[in-house]
Amino acid sequence: MVKMIDAAVFQRMMIHAHAAINAQKQPINDLNVFPVPDGDTGTNMTLTIGAAAAEMRKKQYDTVGQAAGGTASALLRGARGNSGVILSLLFRGFSKAVKEKETMDGRDLAIALDFGVAAAYKAVMKPAEGTILTVSRLAAARAAGHAREDDSFEGVLEAAIQEGQEALAHTIDQNPVLKKAGVVDAGGKGFLVILQGMLDEVRGLPMPETGEDGSAPNDKADFEAVNVEDITFAFDTVFIVRKFKEDTDLEPFRAYLNSIGDSLVIGEDDEAFKVHVHTNTPGSALNEAQKYGVLELAKIENMRTQAEDLAAGRHVQSTDDLEAVEAELEHAAAPVHAVPEKKFGYVAVCAGAGLEAVFKDLGADALVGGGQTMNPSTQDILKAIDATPAEIVYVLPNNKNIIMAAQQTVPLCEDKKVIVLPTRTVPQGISAMLCADPDADEADNTVAMTEGFAHVRTSEITYAARDSDFDGFAIHQGDYLALTEHQLFGTDRDLSAILERLAKSDSHQSAEFISIFYGADVTEEQAREAEKIFTAACPSAEVTLLAGGQPVYYYMISAE
């Protein structure tokens, strides 16, 4: 049993933890019980812990306390979604417990886990059982008990994971929604995968086969054995495509790729396929691939320039360098910190050109791209606040899964006061902006904006990402789903039918104003039909149609 760890081991543990959860990201995503497309727990936790792993690669720390502090700081700024924020809180408390420690043994670990749990519970307004909080609490309690008998770091961490696994299995009985879906809590699962990755590093087990940045493994050409003149096809091209349908025949595509390149390998499952090919026309390969599905990830590297760099003893550039290059470009183009020039400023989160234009017209100083399926990090929101020239900055998250990440900016902003209004939908954020008063004092302005969005009821129409039996509805992949205040209103295979049912619901029948924002996948002609449906069904309401351009949701509909 490993008795204690130092800073170097801790840093490797975080890198290993990121690789571990990245390898299980999709299975964790699949535990999400609600069938609409979502940012997803596995994705959010992977991106969050990835920020810490990147930090651990960049810098060498002298003590465990310093390494834990660097981890906590990176997690806080990289936190995405509620699960990511809670994960960052667990490690924030953890880091405080070992702040002065040069090394860490089992007793130190048990105390750190307990501190982490306390920090997470303190930050969550209404802690619920059957979640990551439950799993982490019981794991920490078992760690404390084990440390009294065996204070080895490895033994305590193993005991915490074992107890956590039992707690995770019980989450299905603690949460009615999980019980109905027959799954365990996704956040709790992700937390244990991270702990297991940390333990595997302590035991010297190999990391899952991912690149240093946690991306999927890529086939690499052996440049040392290749001369530049021997390279017929210059671009090492790797990409992943999600299929339009399961029984996709890739043989025509395989023949096409063989005609424009060599070293072809195609791996596939029912849902996606991954291609590795050497070609002189990577753009042609990617364009052809999109006849078979949706492009998800691509990597293109010039093997000729890499071989030349290698022969000359220079650094061999690859896509692994993109993060550093992007950081340099961002630093060079970074806006100067905005000195307060006015009393109030506003930052809004949204996605879609139409919605961005609405917020800009209403006075938003900065916009953060994000929403469902793409939760911005705390750092993303903090940058927008920093660029806002105001003494007091209001942040409108406009999505229930972004509120916690936004709230983490409050203690991070030193020279501006940040007020996060808990808007759960874009229409709520728009209504809040409509009520903003630049001449009011802070208290009155906050009350006016809060009251402005409190009375807005939001309905949304999206699609089912997978088959599900949810809340009494038998849902099939591709069904249209109508949501009201994030609760499932109904499903249908006919979009017009679900729109008519929604228009006849109580919230719209009693509304004075109805605004319909249509998304990127809806034509203006289709949107006009939706407008006609609501105008006919709600004769007492003033119906307004606006091009939102938002992804994922065909329609966002507000009722006041």
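A quick note: this is a predicted structure, and the numbers were derived from the prediction, not measured. Numbers given for residues are sequential positions, taken from 1 along each chain in its written order. The model is predicted, so local features are restricted to residues of pLDDT at least 70 and side-chain atom pairs to those at 80 or more, both for listing and for counting; the totals for chains, interfaces and linings are taken over all residues. Side-chain metrics rest on all non-hydrogen atoms present in the structure, leaving aside hydrogens and water.

### Examining helix α22 (residues 524-537)
- For α22, which comprises 14 residues, the first-to-last C-alpha distance of 20 Å matches the rise-based estimate of 20 Å (1.5 Å per residue) to within 8%.
- Each residue's exposure class comes from its accessible area (1.4 Å probe, protein chains only) as a fraction of the maximum for that residue type: buried when under 20%, exposed when over 50%, partly exposed otherwise. Numbering of helices and strands runs from the N terminus, with a helix taken as a DSSP run of H or I at least four residues long and a strand as a DSSP run of E at least two residues long. What α22 keeps buried is the set Ala527, Ala530, Glu531, Ile533, Phe534 and Ala537. Projected down its long axis, α22 carries its buried residues within an arc of 155°, all on one side. For α22, exposure combined with an orientation more than 90 degrees from the buried face picks out Glu525, Lys532 and Ala536.
- The criterion used for residue contact is that any of the two residues' heavy atoms lie within 4.5 Å. Taken together, the buried residues of α22 touch α20 (495-503), α21 (506-509), β16 (513-518), β17 (542-547) and β18 (555-559). Here the expected span of a helix is defined as 1.5 Å times the quantity of residues minus one. The reported arc concerns the directions from the helix axis to the C-beta atoms and nothing else.

### Quick word on the sheet that holds β17
- A pair of strands is considered paired only if DSSP assigns at least 2 bridges between the two. Reading across the sheet, the 6 strands line up as β15-β14-β11-β18-β16-β17 and stay open at both edges, with mixed pairing between neighbours. In this open sheet, the two edge strands, each paired with only one partner strand, are β15 (487-492) and β17. The mean angle between the axes of side-by-side strands here comes to 20°, regardless of whether they run parallel or antiparallel.
- In the sheet, β16 pairs with β18 via 5 bridges, with the strands oriented antiparallel. Of the residues in β18, the one forming a bridge with Ser515 is Ser558. Simply put, an axis is a line fit to the C-alpha atoms, just over the touching stretch for a helix, and the angle between two N-to-C directions goes from 0 to 180 degrees.

### With respect to the confidence of the model for the protein chain
- Averaged over the protein chain, the pLDDT score is 85; the fraction of residues at 70 or greater is 86%.
- Within the model, the stretch residues 211-229 combines pLDDT values under 50 with 34 contacts to residues more than four positions away or in other chains. Scored between 0 and 100, pLDDT is the confidence that the predictor attaches to each residue.

### Remarks on unusual backbone geometry
- Although it is not a glycine, Asn398 adopts a positive phi angle of roughly 60°.
- On the secondary structure map, Asn398 appears in the loop between β9 (390-396) and α17 (403-407).
- Not every positive phi belongs to a glycine, and His486 is a case in point at roughly 70°.
- With respect to the helices and strands, His486 occurs in the loop between β14 (480-484) and β15.

### Focus: the pairing of strand β7 (residues 342-350)
- Burial within β7 is extensive, with 7 of its 9 residues counted as buried.
- Looking at chain direction, β7 and β9 are connected through 6 bridges and run parallel. For Gly345, the partnering residue across the bridge sits in β9 and is Val393.
- Crossover connection from β7 via helix α15 (residues 353-361) to parallel strand β8 (residues 366-369): handedness right-handed. Note on handedness: a crossover is taken as right-handed if, strands pointing away from the viewer, the path from the first strand over the helix to the second is clockwise.

### Thoughts on the packing of helix α3 (residues 41-58) against helix α5 (residues 81-97)
- Two elements in contact, α3 and α5, have axes separated by 7 Å at closest approach and are oriented at 40°. One way to sum up the angle between α3 and α5 is to call them oblique. With respect to the hand of their crossing, α3 and α5 are arranged in right-handed fashion. Across from Thr41, Asn44, Met45, Thr48 and Ile49 in α3, the residues of α5 making contact are Gly81, Ser83, Gly84 and Leu87.
- In terms of residue class, the contact of α3 with α5 is built from 3 nonpolar, 6 polar and no charged. Roughly parallel here means an angle under 35 degrees, roughly antiparallel means over 145, roughly perpendicular means 65 to 115, and every remaining angle is called oblique. Helix crossings get a hand from a simple test, with the near helix turned counterclockwise from the far one by less than a right angle marking a left-handed crossing and a clockwise turn marking a right-handed one. Charged means Asp, Glu, Lys or Arg here, nonpolar means Ala, Val, Leu, Ile, Met, Phe, Trp, Tyr, Cys or Pro, and polar covers whatever is left, Gly included.

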